[in-house]
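Results of the structural survey
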Amino acid sequence: MKNSLKFGWILLLLLVAMASRAQDSSSLYVAQLLHPQSDSVRTHAIGRLVALRIPATFPLLMAINDKKLYLLDNQAITIDGKPSDEEKYRLHRVYPDTRPLHNSSGDPLLLSLSQLKTVDIPRADRLLLLPIAPLFNLYSPDAQKRIQAYGQLTDLQDPQVQKILADVVSKETDYNALRIGKESLYAIQLHTAKNEATAKAYIDSIARNWSDNASALLTAYGSGKAFNTNTANYAIEKAKQLESKYDNLQRIQNLFSGLSLGSILILIALGLSIVYGLAGVINMAHGEFMMIGAYTTYCIQMLFSRGYGDWFFIISLPLSFIVAGLMGLILERLVIRHLYSKPLESLLATWGISLILVQTARLIFGDLTAVKTPQLLAGGWQAAPHLTLPYNRIFIIALTAVMVLLTYLMLFKTKLGLQIRAVTQNRQMSACLGVETRRIAAVTFFIGSGLAGLAGCAITLIGNVVPDMGQTYIVDSFLVVVTGGVGKLAGTIVSGLGIGFFTKISEAFFQAVYGKVFILLFIMLFMQYKPKGLFPDKGRIAEE
Amino acid sequence: MKTNNSSLYYILFIAIFAILLPAGHLSGFLSINTISIWGRYFCFAIAALGIDLIWGYTGILSMCQAFFFCLGSYGIAMHLVLQKTALPDFMVWNKITTLPFFWQPFNSFSLTVILCMLIPAALAFLIGFVLFKSRIKGVYMAIITQALTLAMWLIFLRNETNLGGTNGLTDFKTLLGFDLANTQVKLALYFISFTVLCLAYMACHRITRSKFGKVLQAIRDSESRVSYTAYHTVNFKLAVFVVAALLAAVGGMLYLPQTGIITPGRMDVKASVEMVMWVALGGRGNLKGAVIGALLVNFLYSVCTSWFPDSWLFILGFLFVITVLYFDKGLIGLVTTLRARIGNLYLKTAQTTN
């Protein structure tokens, strides 16, 4: 009797404690979970924690779910996703609060896995966590995981879930995650809205927030869940507006891709066009100078493999220009100077050189290598929801703009440029007037090849480095030269951009391949009217 | 002197390929595969004759001959595939239940042969008409035809064009009821290719000697002057372009049953430049040179790829450069120069002894 009375008291106290201060009871369950007397106690503790859904326990549950829960001096801790140094991990406490652990001197504490005590939770117990996995993943430090979690949230009618959601959204820092979080919040409020004005306000908020499935959500709301036809129509109309806005943004994105493709073509075709105009040489190996530039970048990345961050790329920009330029100079001295003003012969000879260079690269580097994108150029500029302009493409466009400007200044504002233009116009006459045509041709070849090398360096930002990468661009860049008119700076720019845009636009209508055929047909028709390209030489010059 | 010179080439050629090689096979020295390989080279040589006509004699560098070659091959290949099954395997995999309309005519052999020549000729006429009419020439012509080949290559690579995609068409069994794996059939195909090559050579020879051929060479040397003398150069160029396309297509048609596979790889950028190179190496503007170049480069290719596979591209690239830089007239030109040198020496020594 006495015993049962005592037991009853304890039970009563426990119940009171549980009801009034859930936090304390959670610490009890956490203690049971970390140091269970038996398996059934642990299972029960996990079950209770799942039922209680207290945000303070979420980091701990997340660690269990990820199988990354450890003990250190009786503290529950977890580790970073990746070892930061020589198999040593950074540590974070997960309960009762979350914070990174530091050693006595204030530096982040680094330990290897063998120095930690693993807390083994059987799979059956971990499965208990599944129903609330989206909830605790909302607290994950990984934005991607949070975005997923927002999407997976169920029972949105539950006030506790709503409270957690509101709490998380108010602390959200990631742009994309914030949009999705807000949408979930607005959706809850929209579905519980009791009058037309509030409902419309929330519809507006969802439309303004405009996350990925906003239009689907509004359409679903409009076709059934709305409480009167007025709001239903309003929601559907908003959804349609979003769709058309989205289509417009896709178009802009497409134009942007066209702009960046055009920039690459310009960068390659610039050198090609100058060389052809000046020396009458079709350089089929021009694409290989691009390849050399790309491999220069790759080699420098290898040299810099230990740290130094983005410096490797900054250094490769001038180096790829110089290396490719020097290779061009060697080629000019050995082969091409014999072929001036013999375009068809030079086409065949340089094709042979291109074969040799590609095979050499293949023997040295193997078939596939890649340059990692510098930190600085990772990611993109979020110009609007659903419109991200990648930094690497922006960089390529800017680089092209700078190079075009420099080429323009070189051609039209320097003595060298004057001589280049003179030789382009009339080789014999220039020679008679004292221009060293051979030297000018060599310098031009150096610059032209260097520009291709720079293009190669830029292309490593958006693609792999392969030995025959030059051959994929060479025909296109020749089309640019032909359409623009040989040796014409303005022609190269206009036709490069034109072909770039046109490719991307036609890709939107046809598939990529048919787009290409379409462009070709277009160019053939265009040449009917302008057989000498966009900007032909003025005057009437009889051939031969 | 000159006719004697040529007939020496002819006698050697016929002696080696019509007598020596088949005799070698019959006496057991050469396997039928070697014979078949040479049969394929003859097909390349037929296409090379076309390239020589248009580039060597008319001065138009056309880079789409490989495409016409493949059109011929693909036509025959479609017929052979239909001989085996009503619906090709790859279409079954792509969940296509009825034969596409453009496959239908290839059920009949005679229609196939007609189409294999008609389609390339018609396409060549169309392309040539558009390009020559707008006075596109020289490098512009080369680049545009090159881009055209590239575009066609991309189209043939696609699965939805129903031409077998990257894998191309292969695994043929019979042609007109003859088993293609049979030694006798292979030998017969070899002789057919040889005969067609000889006929094509004779035809091209006649063309180059005719008034038409003279106009072509005049166009090569100075197109404006030819047009100043009231010749319609477009018509001449168009005609020779169609003839060259036909020759390429015929080569492709004969090539297919002997290799047993055709893939878009036969007409990629590499292949189309290489075809031009055969002619450059043998000696352009000389029909014998075109044939010798095609045979020699391909023979070198099979020798090199089996002995030192990594270095073939080096050798080929080097040949490109050397030929263009030093042997402008190709091998034939080299032989002529050497002969002249030796003749001079002989004359000199004869004079000094006198």
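Residues numbered from 1 in each chain as written. Chains lettered and ligands numbered in written order. Predicted model: local features only at pLDDT ≥ 70, side-chain atom pairs only at ≥ 80, totals over all residues. Heavy atoms only, no water.

1. A few points about the overall build of chain A
Convention followed: For helices the rule is a DSSP run of H or I covering at least 4 residues; for strands it is a run of E covering at least 2, with both sets numbered from the N terminus onward. Summary of the burial criterion: residues with accessible area below 20% of their type's maximum are buried, those above 50% are exposed, and those between are partly exposed, where the area comes from a 1.4 Å probe applied to protein chains only. Only heavy atoms matter for contacts: two residues are in contact if any of them lie within 4.5 Å across the pair. Every accessible area reported is derived by Shrake-Rupley at a probe size of 1.4 Å, with residue values counting cover from the shown protein chains alone.
Looking only at helices and strands, chain A features 22 helices and eight strands. For chain A, the proportion of its 544 residues judged to be buried stands at 48%. Counting only contacts in chain A whose residues sit at least 6 apart along the sequence, the fraction spanning at least 24 positions is 69%. A total accessible area of about 27000 Å² is found for chain A, and carbon and sulfur atoms account for 61% of it.

2. What about the overall build of chain B?
Under the convention used in this document: Put simply, the radius of gyration uses C-alpha atoms, and a globule should come to 2.2 Å times the residue count raised to 0.38. For this count, His and the chain ends are skipped, Lys and Arg are scored as positive, and Asp and Glu as negative. Charge coordinates come from a single atom per side chain, which is NZ of Lys, CZ of Arg, CG of Asp or CD of Glu.
Counting secondary structure elements, chain B contains 14 helices and four strands. Computed over C-alpha atoms, the radius of gyration of chain B comes to 22 Å, within 12% of the 20 Å expected from 2.2 N^0.38 for 354 residues, which places it in the range of a compact globule. Considered along the principal axes of its C-alpha atoms, chain B spans approximately 85 × 60 × 40 Å. When the 354 residues of chain B are sorted by exposure, 52% land in the buried category. Within chain B, counting contacts between residues at least 6 apart in sequence, those at least 24 apart form 79% of the total. Element-wise, carbon and sulfur atoms account for 68% of the exposed surface of chain B, whose accessible area totals about 16200 Å². Both charge centroids of chain B, one from 25 positive and one from 11 negative side chains, sit 13 Å from each other.

3. As for the packing of helix H20 (residues 469–484) of chain A against helix H6 (residues 138–157) of chain B
Axes are the key here: two packed helices are described by the angle between their axes and the distance separating the axes. Operational definition: Between N-to-C directions, angles cover 0 to 180 degrees, with each direction set by a line fitted to C-alpha atoms, over the stretch in contact for helices. For classification, angles of less than 35 degrees are called roughly parallel, those exceeding 145 degrees roughly antiparallel, those between 65 and 115 degrees roughly perpendicular, and all remaining angles oblique. What makes a crossing left-handed is the near helix being turned counterclockwise from the far one by less than a right angle; a clockwise turn instead makes it right-handed.
For the pair H20(A) and H6(B), the least separation of the axes is 10 Å and the interaxial angle reads 140°. By the angle class used here, H20(A) and H6(B) are oblique. Here H20(A) runs over H6(B); the crossing is left-handed. Across the interface between the two elements, Val475(A), Phe478(A), Leu479(A) and Val482(A) from H20(A) touch Tyr140(B), Ile143(B), Gln146(B), Ala147(B) and Leu150(B) from H6(B).

4. Describing the nonpolar core
Note the cut-off: What makes a nonpolar core is a set of buried Ala, Val, Leu, Ile, Met, Phe, Trp, Tyr and Cys residues whose side-chain atoms join them at distances within 4.5 Å.
Grouped together as the largest cluster of nonpolar side chains are 205 residues, with contacts concentrated most on Phe68(B), Trp103(B) and Leu169(B). Broken down by element, this core gets its largest block of residues, 17 residues, from helix H2 (residues 32–57) of chain B. In contact with Trp103(B), other than residues within four places in its own chain, are Met78(B), Val81(B), Leu82(B), Pro88(B), Phe90(B), Met91(B), Asn162(B), Leu163(B) and Leu169(B). Counting 41 residues, the second largest nonpolar core, distinct from the first, contains Phe58(A), Ile64(A), Ile147(A) and Val161(A).

5. Focus on the side chain of Lys237(B)
Residues and elements named next belong to chain B. On the secondary structure map, lysine 237 appears in helix H10 (residues 233–259). Classification of lysine 237 by relative accessible area gives buried; the value is 2%. Contacts of lysine 237, omitting those with residues within four sequence positions, involve Thr58, Ile60, Phe132, Ile219 and Glu223.

6. Re the UniProt feature "transmembrane region" (unreviewed entry) in chain A
Residue and element names in this part refer to chain A. Inclusion rule: UniProt positions are given in the numbering used here, feature names are shortened, and annotations may be inferred rather than shown by experiment.
The sites that carry the UniProt feature "transmembrane region" (unreviewed entry) are, in the present numbering, residues 255–282, 311–335, 347–365, 394–412, 440–466, 478–502 and 509–529. The annotated region residues 255–282 carries 89% helix and 0% strand content, and the separation between its end C-alpha atoms amounts to 31 Å. What you have in residues 394–412 is 100% helix and 0% strand, and the ends, taken at the C-alpha atoms, are 27 Å apart.

7. Observations concerning the UniProt feature "transmembrane region" (unreviewed entry) in chain B
Residue and element names in this part refer to chain B. Summarizing the sequence annotation, UniProt attributes the feature "transmembrane region" (unreviewed entry) to residues 7–32, 38–57, 64–82, 109–132, 139–157, 187–204, 234–256 and 307–327 in the numbering used throughout. Annotated as residues 7–32, this span is 81% helix and 0% strand, and its ends, taken at the C-alpha atoms, are 29 Å apart. Within the segment residues 234–256, helix and strand shares are 100% and 0% respectively, and the terminal C-alpha atoms sit 33 Å apart.

8. Digging into the interface of chain A and chain B
Quick reminder of the rule: We define buried area as the total accessible area lost by two parts upon association, computed with a 1.4 Å probe and summed across both. Each reported salt bridge corresponds to a side-chain nitrogen of Lys or Arg within 4 Å of a carboxyl oxygen of Asp or Glu.
Every contact between the two is made by 42 residues of chain A and, on the other side, 50 residues of chain B. Summing both partners gives a buried area of about 4100 Å² for chain A against chain B, and 77% of it is carried by carbon and sulfur. When the buried surface of chain A facing chain B is broken down by residue, Leu344(A), Leu348(A) and Met524(A) rank first, second and third, together holding 16% of it. Notably, a salt bridge pairs Glu345(A) with Arg284(B), separated by 2.9 Å at the nearest N-O pair. Contributions of two or more residues to the side of chain A that touches chain B are made by helix H15 (343–365), H20 and helix H22 (512–529) of chain A.

9. A word on the environment of Gly280(A)
Residues and elements named next belong to chain A. Take glycine 280: it is sitting in the loop between helix H12 (229–279) and helix H13 (286–303). By relative accessible area, which is 15% here, glycine 280 ends up buried. In this view, glycine 280 contacts Val275, Leu339, Ser341, Lys342, Pro343 and Ser346; residues no more than four positions away in its chain are not counted.

10. So, the packing of H12(A) against H20(A)
All names here are of chain A. Defined as follows: Ten residues, namely Ala, Val, Leu, Ile, Met, Phe, Trp, Tyr, Cys and Pro, are considered nonpolar, four, namely Asp, Glu, Lys and Arg, are considered charged, and the remaining ones, Gly among them, are considered polar.
Orientation of H12 relative to H20, taken along the N-to-C sense of each, is 65°, at an axis distance of 9 Å. Both H12 and H20 take part in a crossing whose hand is right-handed. Contacts from Ile264, Leu265, Ile268, Ala269, Leu272, Ser273 and Tyr276 in H12 reach Tyr473, Asp476, Ser477, Phe478, Val480 and Val481 in H20. Across the contact of H12 with H20, the residue classes tally to ten nonpolar, two polar and one charged.

11. Some words on the pattern of salt bridges
By the definition in use, this model includes eight salt bridges over all chains. Between Arg333(A) and Glu332(A) there is a salt bridge, with its nearest N and O atoms 3.1 Å apart.

12. Some points on the packing of aromatic side chains
Note the threshold: Aromatic rings from Phe, Tyr and Trp, taking only the six-membered ring of Trp, are treated as a pair when their centres fall within 6.5 Å; an angle between ring planes under 30 degrees marks them as stacked, one over 60 as edge-to-face, and anything in between as tilted. Should the NZ of a Lys or the CZ of an Arg lie within 6 Å of a ring centre and within 35 degrees of the ring normal, that charge is described as sitting over the ring.
Tallying each qualifying case throughout the model produces 26 aromatic pairs over all chains. An aromatic cluster is present here, built from Phe67(B), Phe68(B), Tyr74(B), Phe132(B), Phe156(B) and Phe241(B) joined pairwise through their rings. Residue placement shows Arg427(A) over the ring face of Tyr340(A); its charged tip is 5.0 Å from the ring centre.

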